[in-house]
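Each chain is listed here by its residues.
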Amino acid sequence: MLKSDHQVADLKVLSGNGPRAAVRELCMQFAQATGTAVDVQLDVNPEVVRRGIAGEAFDVAVGNPSTIEQLIAAGKVVAGSLADIGTAGLAVGIRAGAAKPDLSSVEGFRRALVAANAVAFPAHGASGLYFAGLVDRLALTREMQGKLRPMPAEDCVEVVARGEADLVVVVATRMVGVPGIDVIGPIPEALQTKIGFAAGLSASTKQPDTAKSLVAFLTAPAAAATLKANGVVPAH
């Protein structure tokens with residue numbers, strides 16, 4: 001079980017938004033298998049780092065590998081506990097039922113961006129930073145002026161579902177399970193990047209054995225089917 005409003009969690013997971021669907025599902029499976037209540041708290045990766053360094057209590061951290069490495073450097077995650085979960089690339093989403101642009105080539109992707117009135121992307125985090133750089137790389141900075149919509153991570157996909165932006169470019173896992181969104185597909189392979197996800201053990205957890213078990217559960221080969229179903233290419 002994941003934590004209910006009236007239940008004190010046995011473990012707290014501080015997780016980046018990228019693998020949210022997979023992390024929630026795997027933590028639910030872990031809870032059902034062990035009877036351990038798990039509180040999954042989602043935030044952008046920089047906030048996961050900030051909250052951890054500020055001293056917020058947690059048992060397991062999940063995020064981009066650099067997020068876990070920063071927490072290790074700050075002494076908040078156990079050195080040597082970083083465990084790779086998997087990766088995901090960037091993809092494009094549109095409002096459900098809207099016409100789907102052709103993303104099969106770099107030129108098609110460029111045309112889709114230029115034709116849009118508004119393109120959403122996360123203002124912070126790995127995928128948003130990569131996409132902002134990609135606009136420069138494609139020499140589209142001038143043409144996209146006024147069209148780019150850097151959004152809070154928790155609303156970068158939902159804004160498209162509401163019809164307030166035409167496209168969202170974000171790590172593919174972020175769109176899993178969001179109602180009102182059609183995922184067109186990945187950005188062209190020539191432009192693609194892989195966003196990594198990893199887990200680490202809190203240096204101050206009061207339940208190190210249970211927390212270690214959760215890290216192992218998230219990264220085990222048995223998690224592969226759930227990871228794949230939620231857009232993550234498993235590391236194992």
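Since the model is a prediction, treat every value here as computed from it, not as a measurement.

Draft legend 1. Inspection of the overall build of the protein chain at higher detail. If you tally the helices and strands in the protein chain, you get 8 helices and 10 strands. Radius of gyration (C-alpha) of the protein chain: 18 Å, near the 18 Å computed for a compact globule of 236 residues. Intrachain contacts of the protein chain at a sequence separation of at least 6 include 75% that bridge at least 24 residues. Working note: accessible area of the protein chain is about 10400 Å², and carbon and sulfur atoms make up 53% of it. For the protein chain, the centre of its 21 positive side-chain charges and the centre of its 22 negative side-chain charges are spaced 2 Å apart.

Draft legend 2. Expanded view of the pattern of salt bridges. A full pass over the atoms with the stated rule returns 8 salt bridges. Salt bridges sharing partners connect three or more residues here, namely Lys-12, Asp-43, Arg-51 and Glu-56.

Draft legend 3. Focus on the packing of helix 1 (residues 20-34) against helix 7 (residues 208-219). Across the interface, helix 1 lies against helix 7 with an axial gap of 10 Å and an inter-helix angle of 130°. By the angle between their directions, the pair helix 1 and helix 7 is classed as oblique. Helix 7 is crossed by helix 1, and the crossing has right-handed handedness. Of the residues in helix 7, those touching helix 1 at Leu-26, Cys-27, Gln-29 and Phe-30 are Thr-210, Ser-213, Leu-214, Phe-217 and Leu-218. Across the contact of helix 1 with helix 7, the residue classes tally to 6 nonpolar, 3 polar and no charged.

Draft legend 4. Structural context of the nonpolar core. Val-13, Val-60, Phe-109, Leu-113, Phe-131, Leu-214 and Leu-218 are the most contacted members of the largest nonpolar core, which has 62 residues in total. Non-local contacts of Leu-113, meaning those with residues more than four positions away in its chain, are made with Val-119, Phe-131, Leu-138, Leu-140, Met-144, Lys-147, Leu-167 and Val-169. Residues Leu-14, Phe-58, Ala-61 and Val-77 belong to the second largest nonpolar core, which totals 8 residues.

Draft legend 5. A look at unusual backbone geometry. In this structure, Ala-139 is a non-glycine residue whose phi angle is positive, near 60°. Ala-139 gets classed as exposed once you look at its relative accessible area, which sits at 58%.

Draft legend 6. Local environment of the pairing of strand 9 (residues 194-201). Of all 8 residues in strand 9, 7 are buried, a share of seventy percent or more. Pairing geometry for strand 3 (residues 60-63) and strand 9, over 4 bridges, is antiparallel. Residue pairing in the sheet places Gly-63 in a bridge with Ala-198 of strand 9.

Draft legend 7. Seen up close, helix 2 (residues 45-53). Every buried residue of helix 2 is accounted for by Asn-45, Val-48, Val-49, Arg-51 and Gly-52. Packing partners of the buried residues in helix 2 comprise strand 1 (11-16), strand 2 (38-43), strand 3 and helix 3 (65-73). Downstream of helix 2 by a residue or two, Gly-55 has a phi angle that is positive, lying close to 105°.

Draft legend 8. Fine view of the packing of aromatic side chains. What the rule picks out here adds up to 2 aromatic pairs. Aromatic side chains Phe-30 and Phe-217 sit 5.5 Å apart centroid to centroid with 70° between the ring planes, which places their arrangement in the edge-to-face category. Separated by 187 residues along the polypeptide, Phe-30 in helix 1 and Phe-217 in helix 7 bring together distant segments of the chain. Among the residues examined, Phe-217 registers a relative accessible area of 27% and is labelled partly exposed.

Draft legend 9. Focus on the pairing of strand 1. Of all 6 residues making up strand 1, 6 are buried, and the element is well covered by its neighbours. In this structure, strand 1 lies alongside strand 2, joined through 6 bridges in parallel fashion. Paired with Val-13 across the bridge in strand 2 is Val-40. In this view, the connection linking strand 1 to its parallel neighbour strand 2 by way of helix 1 has right-handed handedness. Where strand 1 meets strand 3, 3 bridges bridge the pair, whose relative direction is parallel. The residue of strand 3 that forms the bridge with Leu-14 is Ala-61.

Draft legend 10. Representation of the packing of helix 2 against helix 3. It is the contact of helix 2 with helix 3, at a shortest axis distance of 9 Å, that shows an interaxial angle of 15°. What the angle tells us is that helix 2 and helix 3 run roughly parallel. Handedness of the helix 2/helix 3 crossing: right-handed. Of helix 3, the residues touching helix 2 (which contributes Asn-45, Val-48, Val-49, Gly-52 and Ile-53) are Thr-67, Gln-70 and Leu-71. Grouping the amino acids of the contact of helix 2 with helix 3 by side-chain chemistry returns 4 nonpolar, 4 polar and no charged.

Each value, and the rule that gives it
Residues numbered from 1 in each chain as written. Predicted model: local features only at pLDDT ≥ 70, side-chain atom pairs only at ≥ 80, totals over all residues. Heavy atoms only, no water. Helix = DSSP H or I, 4+ residues; strand = E, 2+ residues; numbered from the N terminus. Rg over C-alpha atoms; globule rule 2.2 N^0.38 Å. Contact = heavy atoms within 4.5 Å. Areas by Shrake-Rupley, 256 points an atom, 1.4 Å probe, with all protein chains shown as cover. Lys, Arg positive; Asp, Glu negative; His and termini not counted. Charge placed at Lys NZ, Arg CZ, Asp CG, Glu CD. Salt bridge = Lys/Arg side-chain N within 4 Å of Asp/Glu carboxyl O. Axes fitted to C-alpha atoms, helices over the stretch in contact; angles between N-to-C directions. Parallel < 35°, antiparallel > 145°, perpendicular 65-115°, else oblique. Left-handed = near helix turned anticlockwise from the far one by under 90°. Nonpolar A, V, L, I, M, F, W, Y, C, P; charged D, E, K, R; others polar. Core = buried A, V, L, I, M, F, W, Y, C linked by side-chain atoms within 4.5 Å. Buried < 20%, exposed > 50% of the residue type's maximum accessible area, 1.4 Å probe, protein only. Pairing = 2+ DSSP bridges. Phe/Tyr/Trp six-rings, centres within 6.5 Å; stacked < 30°, edge-to-face > 60°. Right-handed = clockwise from strand over helix to strand, strands pointing away.

By themselves, these are just geometric observations and shouldn't be taken as functional.
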